[in-house]
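# Close look at the chain arrangement
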Amino acid sequence: MTAAPILPIEIAPSVLPVDFSRLGDAVAELEAAGVDRIQWDVMDGQFVPNLTFGPAVIASARRHTSLPFEAHLMVLTPDVMAAEYVAAGCTRLIVHAEACLHLHRTLGNIASLGATGGVALNPATPASAVAHVLDLVDLVLVMTVNPGFGGQRYIATMERKIRQVRDMIDAAGLSDRVHVEVDGGIGPTTVTGAAAAGANVLVAGSALFTDPLGLAHAVSDLRTAAERARSGSGS
Ligand code: DX5
């Protein structure tokens, strides 16, 4: 089933490459550059080797932008601090299917906190892992790298999974409610494949912050390339 995605293309920068001593300015600069939301890569040093930030750091950046915040919880126990991430100003919590013994219950807990839930799938995890929770989420994140670090190479074989997830969402009649997000190695040369496969929310870190023409150019370039890919022009 190849129903055209209804939800718009969104650019959701990862703040992983940012100088953490100036997070407030960085999120304000990202807003000025035209991004749609901010993604906080929360890492616990257990589920992934790296260790980043907790709710207090996110809360400190909250007053510097009006953009929505989403927390990508690369943590072993997402239920434990979910309420704190919502209190810090995150309106979407993305948990990893691999970290949740009771994914359906975890997503219900997130909804009870007044946030929306997303499920992230590591490269080896099949799309079927979200088959019975699509009614509980507003986003499925298909990881296009193994989580833990920015600047990794895009795993192009994940495009088949992106298409599978998109088709599952379309078949469930949820195209207008559930986003397909991709994260990892997303940039000008990889966004076309991901968007053509059905992704509409693009997480990027390195590609945005290394564009010699600046953040606004990088954001606009990525959005245009994704929209072209979706419309099939591909050019
Ligand atoms: C992996 C991280 C990265 C980050 C984006 O755990 O989630 O994917 O957000 O990194 P880049 O865009 O540099 O690959």
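Everything that follows concerns the structure shown earlier in this document.
Residues numbered from 1 in each chain as written. Predicted model: local features only at pLDDT ≥ 70, side-chain atom pairs only at ≥ 80, totals over all residues. Heavy atoms only, no water.

### Considerations on the site of the ligand
Among the 17 residues in the neighbourhood of the ligand, the closest are listed as Asp 41, Gly 148, Asp 183, Gly 205 and Ser 206. Between an oxygen atom of the ligand and a main-chain N or O atom of Gly 151, the distance comes to 2.9 Å. Take Gly 205: an N or O atom from its main chain is 2.7 Å from an oxygen atom of the ligand. Among the secondary structure elements, those contributing two or more residues to the shell around the ligand are strand E2 (38-43) and strand E8 (201-204). Of the residues in the shell around the ligand, the class split is seven nonpolar, eight polar and two charged. (Near = heavy atom within 4 Å. Polar contact = N/O pair within 3.5 Å; in protein donor to acceptor, adjacent residues only side chain to side chain. Helix = DSSP H or I, 4+ residues; strand = E, 2+ residues; numbered from the N terminus. Nonpolar A, V, L, I, M, F, W, Y, C, P; charged D, E, K, R; others polar.)

### Notes on the pattern of salt bridges
Between side chains of opposite charge, pairing is possible as soon as their charged atoms come close. What the rule picks out here adds up to eight salt bridges. Salt-bridge contacts for Asp 170 lead to Arg 166; the nearest nitrogen and oxygen are separated by 3.6 Å. Of this pair, Asp 170 and Arg 166 are both found in helix H5 (residues 158-171), four residues apart, which corresponds to roughly one turn of the helix. Under the relative-accessibility criterion, Arg 166 is labelled buried at 0%. Overlapping salt bridges, with partners in common, bring together Glu 10, Arg 37, Glu 70, Arg 92 and Asp 138 in one network. (Salt bridge = Lys/Arg side-chain N within 4 Å of Asp/Glu carboxyl O. Buried < 20%, exposed > 50% of the residue type's maximum accessible area, 1.4 Å probe, protein only.)

### Here's the deal with the packing of aromatic side chains
What the rule picks out here adds up to three aromatic pairs. An angle of 55 degrees between the planes, with centres 5.4 Å apart, marks the rings of Phe 20 and Phe 53 as tilted. Of the two residues, Phe 20 sits in the loop between strand E1 (10-13) and helix H1 (23-32) while Phe 53 sits in the loop between E2 and helix H2 (55-62), which places them 33 residues apart along the sequence. With a relative accessible area of 6%, Phe 53 lands in the buried category. When the centroid spacing of 5.3 Å and the interplanar angle of 80 degrees are considered together, the rings of Trp 40 and Phe 53 count as edge-to-face. Linking Trp 40 in strand E2 with Phe 53 in the loop between E2 and H2, this pair joins segments that are 13 residues apart in sequence. When sorted by exposure, Trp 40 lands in the same class as Phe 53, which is buried. (Phe/Tyr/Trp six-rings, centres within 6.5 Å; stacked < 30°, edge-to-face > 60°.)

### Digging into the environment of His 132
Within the fold, His 132 resides in the loop between strand E5 (116-121) and strand E6 (139-143). When the C-alpha atoms of His 132 and Pro 188 are compared, they prove to be 34 Å apart, with 56 residues separating the residues in sequence.

### Notes on H5
With 14 residues, H5 should reach 20 Å at 1.5 Å per residue; the first-to-last C-alpha distance of 20 Å fits that figure. Among the structural elements, E5, E6, strand E7 (179-183) and helix H6 (191-197) are those in contact with the buried residues of H5. Remark: Gly 173 follows H5 within two positions and exhibits a positive phi of approximately 70 degrees. (Expected span 1.5 Å × (residues − 1). Contact = heavy atoms within 4.5 Å.)

### A look at the sheet that holds E7
Read across the open sheet, the eight strands follow the order E1-E8-E7-E6-E5-E4-E3-E2; overall the sheet is parallel. Lying at the two open borders of the sheet, with one neighbouring strand each, are E1 and E2. Shown here is a sheet whose adjacent strand axes are inclined to one another by a mean of 25 degrees, direction ignored. Across four bridges, E1 lies against E8 in parallel orientation. Within the sheet, the bridge partner assigned to Ala 12 lies in E8 and is Val 203. The strands touched by helix H4 (residues 103-112) are strand E4 (90-96) and E5; relative to E5, the strand with the most contacts, the crossing angle is about 145 degrees. (Pairing = 2+ DSSP bridges. Axes fitted to C-alpha atoms, helices over the stretch in contact; angles between N-to-C directions.)

### Things to note about the pairing of E5
The side chains of a regular strand alternate, first on one face of the sheet and then on the other. Counting buried positions over the six residues of E5 gives five, a clear majority of the element. Sheet analysis places E5 next to E6, joined by four bridges and oriented parallel. Bridged to Leu 121 within E6 is Val 142.

By themselves, these figures tell us nothing about what the structure is for.
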